[in-house]
Amino acid sequence: MQGITILGSTGSIGVNTLDVISRHPDSFKVVALTANNQVERLLAQCQQYHPAYAVMADETAAAQLTEQIKQSNLSTEVLAGVDGLVRVSQLDTVDQIMAAIVGAAGLLPTLAAAKAGKRVLLANKEALVMSGHLFMEAVKDNQAELLPIDSEHNAIFQCMPSSFHDGLATVGVQRILLTGSGGPFRTTPLNKLANVTPEQACAHPNWDMGRKISVDSATMMNKGLELIEACWLFNTTADHVEIMLHPQSVIHSMVEYVDGSVLAQMGQPDMRTPIAHAMAWPERIDSGVERLNLIDVARLEFEKPDLQRFPCLRLAETAAREGGTAPAILNAANEVAVAEFLENKLKFTDIARLVENVMTELPASAANDLDTVILADREAREHARRWVKQNRNMG
Ligand code: NAD
Ligand code: MG
């Protein structure tokens, strides 16, 4: 029986993880569930899964949940804040942590899980983007297991030889082919992009996801973050990763070998496949995902991404090459920009403008310790918020 903590259990990845767990009650036991401030949803999950712990990042919400847990006669212990998240990531009774908090808020608990030598099921790409070097070091030093949940990275992992940690050249890998659908605005006329709404941006053609990653998919910042993520996970550089558009989202990414072989992982666009793969690895278990019918799909298309349409991709590539705190600055500016866009305070096209401004104004430095990364994140957010104030109401 594997004990599991789900960081961000009320989100899209969290709910999919619980769905997979429900199919295998004899193999997985929920030890802890966590959320930011969604008291009702977390309470309902506690009633269904009876975890030993429930954590609310928000202290007021934690007090409300404590009261409701008591009224429901549950024995779940409620914890609060980042300390609570870190604690349930390190429990002796926990074997695996699903890291599915969105954004930089996931960094400390995810890192704590790695330091405790757990199996880390990594959905929270922002943590790795911010502090890839420190994170990978923590995994190695503490014999943690890092299994990617992001569908592309899970696909790449499945197409890699098991000894890929020795270096891609050593195992005959030439390139990683990172695919992305191009999101909802792949063919929208460029002059219409300034006026697209949050609802349009969140209506992804193939995937059903949280709002932040949906907007990132529409700007393709998501693919940029995934480029940085791939470099850390597979110990390679941006020069060895080619990003390509694949509107059908059937191939989830590929690995090209020196002998000309290209291995692809395919499947329905349903996150339960990578979740089940990573939870059971190296075994395979049922995920509940519908089988792929290639005759119905009929056609697989590929194209080069247009950097004029997707300037965020260019910015992320720059940050990937620059290294140090550049990815943390990129990520923080993007988190602020997306939040403001979702509240209708910025235009869609302002997201890239804001990120570019912050990257130009704030020089990157080496990222040798966590304090440096957290400071870079904070400064970038402050700078981004100032930019928003100055640009909010301008045509
Ligand atoms: P979501 O918005 O649906 O859920 C986010 C979860 O994090 C919720 O449970 C929320 O309560 C929690 N949370 C938010 N802010 C928090 C805070 N400050 N402190 C503690 N908890 C907080 O997001 P999602 O779509 O499930 O994505 C989660 C992560 O997985 C993201 O990093 C995303 O990039 C990554 N990811 C998601 C998908 C997908 O299909 N949804 C695919 C690949 C990668
Ligand atoms: Mg992805």
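Rules used in this analysis
Residues numbered from 1 in each chain as written. Chains lettered and ligands numbered in written order. Predicted model: local features only at pLDDT ≥ 70, side-chain atom pairs only at ≥ 80, totals over all residues. Heavy atoms only, no water. Donors = N, O, S within 2.8 Å, 3.2 Å for Na, K, Ca; no water. Helix = DSSP H or I, 4+ residues; strand = E, 2+ residues; numbered from the N terminus. Buried < 20%, exposed > 50% of the residue type's maximum accessible area, 1.4 Å probe, protein only. Core = buried A, V, L, I, M, F, W, Y, C linked by side-chain atoms within 4.5 Å. Domains from an automatic or database assignment. Contact = heavy atoms within 4.5 Å. Near = heavy atom within 4 Å. Polar contact = N/O pair within 3.5 Å; in protein donor to acceptor, adjacent residues only side chain to side chain. Areas by Shrake-Rupley, 256 points an atom, 1.4 Å probe, with all protein chains shown as cover. Nonpolar A, V, L, I, M, F, W, Y, C, P; charged D, E, K, R; others polar. Salt bridge = Lys/Arg side-chain N within 4 Å of Asp/Glu carboxyl O. Axes fitted to C-alpha atoms, helices over the stretch in contact; angles between N-to-C directions. Parallel < 35°, antiparallel > 145°, perpendicular 65-115°, else oblique. Left-handed = near helix turned anticlockwise from the far one by under 90°. Pairing = 2+ DSSP bridges.

A. A look at the coordination of the magnesium ion (ligand 2). Around the magnesium ion (ligand 2), the protein supplies Asp150 (OD), Glu152 (OE) and Glu226 (OE) as donor atoms, at distances of 2.1 to 2.2 Å. Donor residues binding the magnesium ion (ligand 2) come from one chain and are separated in sequence as D-x1-E-x73-E. Taken together, the positions of Glu152 in helix α7 (residues 151-159) and Glu226 in helix α10 (residues 221-233) put the pair 74 residues apart, joining distant regions of the chain. For the pair formed by Glu152 and Glu226, the shared burial category is buried.

B. Quick peek at the nonpolar core. Formed by 84 residues in total, the largest nonpolar core has its most connected members in Leu65, Met98, Phe135, Ile149, Met160 and Phe234. Top contributing element to this core by residue count: strand β2 (residues 28-35), with six residues. Here this core spans two domains, and each of domain 1 (2-148) and domain 2 (157-187 + 198-268 + 288-310) adds at least three residues to it. Setting aside residues up to four positions removed in sequence, Met98 forms contacts with Thr5, Ile6, Leu7, Ile13, Thr17, Leu121, Ala123, Ile149 and Ile275. Of all hydrophobic cores here, the second largest spans 39 residues; its members include Leu193, Ala201, Ala319 and Ala326.

C. A look at the site of ligand 1. By nearness alone, 23 residues border ligand 1, and Thr10, Ser12, Asn36, Glu126 and Gly210 come closest of all. Within the contact set of ligand 1, an oxygen atom lies 3.1 Å away from a backbone nitrogen or oxygen of Gly11. In this structure, Asn36 approaches ligand 1 through a main-chain N or O atom, which is 2.9 Å from an oxygen atom. For ligand 1, whose accessible area on its own is 820 Å², the fraction buried by protein is 87%. Those elements that place two or more of their residues in the shell around ligand 1 are α1 (12-22) and α6 (125-141). Classifying every residue of the shell around ligand 1 gives 11 nonpolar, nine polar and three charged. In terms of domain composition, the shell around ligand 1 takes at least three residues from each of domain 1 (2-148) and domain 2 (157-187 + 198-268 + 288-310).

D. Representation of the pattern of salt bridges within the structure. Applying the stated criterion across every chain yields a total of 20 salt bridges. Ionic pairing is found between Asp150 and Lys125, a salt bridge with its closest N-O pair at 2.8 Å. Taken together, the residues Asp150 in the loop between β7 (145-148) and α7 and Lys125 in helix α6 connect sequence positions 25 residues apart. Each member of the pair, Asp150 as well as Lys125, is classed as buried. Between Glu226 and Lys223 there is a salt bridge; the shortest N-O distance is 2.7 Å. With Glu226 and Lys223 both in helix α10 and three residues apart, this pair spans about one turn of that helix.

E. Looking closely at the packing of helix α14 (residues 326-342) against helix α15 (residues 350-361). Taken N-terminus to C-terminus, the directions of α14 and α15 make an angle of 150°; their axes are 9 Å apart at the nearest point. Overall, the two elements α14 and α15 adopt an arrangement that is roughly antiparallel. In the packing of α14 onto α15, the handedness of the crossing is right-handed. Across the interface between the two elements, Ile329, Leu330, Ala333, Asn334, Ala337 and Phe341 of α14 pack against Ile351, Leu354, Val355, Val358 and Met359 of α15. A breakdown of the residues in the contact of α14 with α15 according to their chemical character gives 10 nonpolar, one polar and no charged.

F. Inspection of the sheet that holds strand β10 (residues 251-257) at higher detail. Across the sheet, four strands lie side by side as β9-β8-β10-β11; this open sheet has mixed pairing. Looking at strand neighbours, the two that pair on one side only are β9 (241-245) and β11 (262-266), the edges of this open sheet. Sheet twist, expressed as the mean angle between neighbouring strand axes with direction ignored, is 20°. Inspection of the sheet shows strand β8 (residues 173-180) paired to β9 by five bridges, in the parallel sense. Looking at β9, one finds that Leu177 is bridged to Glu242.

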